[in-house]
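Spelled out from the first residue to the last, the chains are:
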Amino acid sequence: MALMQWNEKMSVGVIELDADHKELIKVINQLGANAEDEARRSATRQSLFALLRYAEYHFAREEKVMAACQYPDIREHELEHRDFVERINRLHRRFDEGPEEAAAIVDEALLTFLQDWLKHHILIEGMAYRPHAEHSPAAREAAKSFKASEVWWSR
Ligand SMILES: [Fe+2]
């Protein structure tokens, strides 16, 4: 599985959100590396959990930014976040079904899905809010002041 890489074309104009996107790419790449290596399979569940937690953190921050700059299509973007978290949550729960089942969960198809999803999230959804967020002092402040305690998912 080829590694995904962040580049300048992926910038959504808010430095904190760009940093989040880079971190999500890193976690997905890690998940791929663990899944390819038999001996590191046990780390796979942990990577999937890390992806879930970081995605929740990033989505909450991004939603705060989109709200702060009054991005008109925020609702649509939020629904994509919910859908993603639900999917990853379901996958993570499947690990409880047994080790063999777990080994089959993180496969090429899942990694391709994750990469495609994140590319769409950044290049389509991110670029759509960029013109609203980029020069908005309120958006900048929302991104900067965001705290992990504001993550409301899975509670
Ligand atoms: Fe994002």
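What follows covers the confidence of the model for the protein chain. Looking at the protein chain as a whole, the pLDDT averages 89, with 90% of positions reaching at least 70. Across the protein chain, the element-wise mean pLDDT spans from 66 in helix 4 (residues 99-105) up to 96 in helix 6 (residues 137-145).

Here we take up the packing of helix 3 (residues 74-94) against helix 5 (residues 108-133). Where helix 3 contacts helix 5, the axes come no closer than 12 Å and their chain directions differ by 165 degrees. Looking at the two axes, helix 3 sits roughly antiparallel to helix 5. Here helix 3 runs over helix 5; the crossing is left-handed. Between helix 3, through Glu 76, His 77, Glu 80, His 81, Phe 84, Arg 87, Ile 88 and Leu 91, and helix 5, the contact on the second element is made entirely by Leu 110, Phe 113, Leu 114, Trp 117, His 120, His 121, Glu 125 and Tyr 129. When its residues are assigned to classes, the contact of helix 3 with helix 5 shows eight nonpolar, four polar and four charged.

What the rule picks out here adds up to seven aromatic pairs. Relative to Tyr 57, the ring of Tyr 54 has its centre 5.4 Å away and its plane inclined at 50 degrees; by these criteria the two rings are tilted. You can see Tyr 54 and its partner Tyr 57 sitting in helix 2 (residues 41-68), three residues apart, about one turn around the helix. A residue is classified by how much of its surface remains accessible, and Tyr 54, at 21% relative accessible area, is partly exposed. Under the relative-accessibility criterion, Tyr 57 is labelled buried at 19%. Ring geometry for Phe 59 and Phe 84: centres 5.9 Å apart, planes at 75 degrees, overall edge-to-face. With Phe 59 in helix 2 and Phe 84 in helix 3, this residue pair connects regions lying 25 residues apart in the sequence. Of the two residues examined, Phe 59 and Phe 84, each falls in the buried class. In textbook terms, an aromatic cluster arises when at least three aromatic residues are bridged by ring pairs, as seen for Phe 59, Phe 84, Phe 113 and Trp 117.

Cut-offs used in this document
- Along each chain, the written sequence defines residue order, and numbers are assigned to residues from 1.
- Residue-level local features of this predicted model are given only where pLDDT is at least 70; pairs of side-chain atoms are given and counted only at 80 or more, and the full residue set underlies all totals for whole chains, interfaces and linings.
- Side-chain numbers come from the whole structure's heavy atoms, not from hydrogens or water.
- Per-residue confidence from the predictor is reported as pLDDT, which spans 0 to 100.
- Secondary structure is summarised from DSSP: a helix means a run of H or I of at least four residues, a strand means a run of E of at least two, and numbering begins at the N terminus for each.
- For every element, the axis is a line fit to its C-alpha atoms; helices are fit only across the contacting stretch, and the angle between N-to-C directions ranges from 0 to 180 degrees.
- Angular relationships are summarised with four words: roughly parallel below 35 degrees, roughly antiparallel beyond 145, roughly perpendicular across 65 to 115, and oblique for the angles in between.
- Should the near helix be turned anticlockwise from the far one by less than a right angle, the crossing is left-handed, and should it be turned clockwise, the crossing is right-handed.
- Any pair of residues with heavy atoms lying within 4.5 Å of one another is described as a contacting pair.
- Note that Gly is not counted as nonpolar here; it falls among the polar residues with everything else outside the nonpolar set of Ala, Val, Leu, Ile, Met, Phe, Trp, Tyr, Cys and Pro and the charged set of Asp, Glu, Lys and Arg.
- Between the rings of Phe, Tyr and Trp (Trp by its six-membered ring), a pair exists once the centres lie within 6.5 Å; its type follows the angle of the planes, with under 30 degrees stacked, over 60 edge-to-face, and the other angles tilted.
- The rule is simple: take the accessible area with a 1.4 Å probe, protein chains only, and divide by the maximum for that residue type; under 20% is buried, over 50% is exposed, in between is partly exposed.

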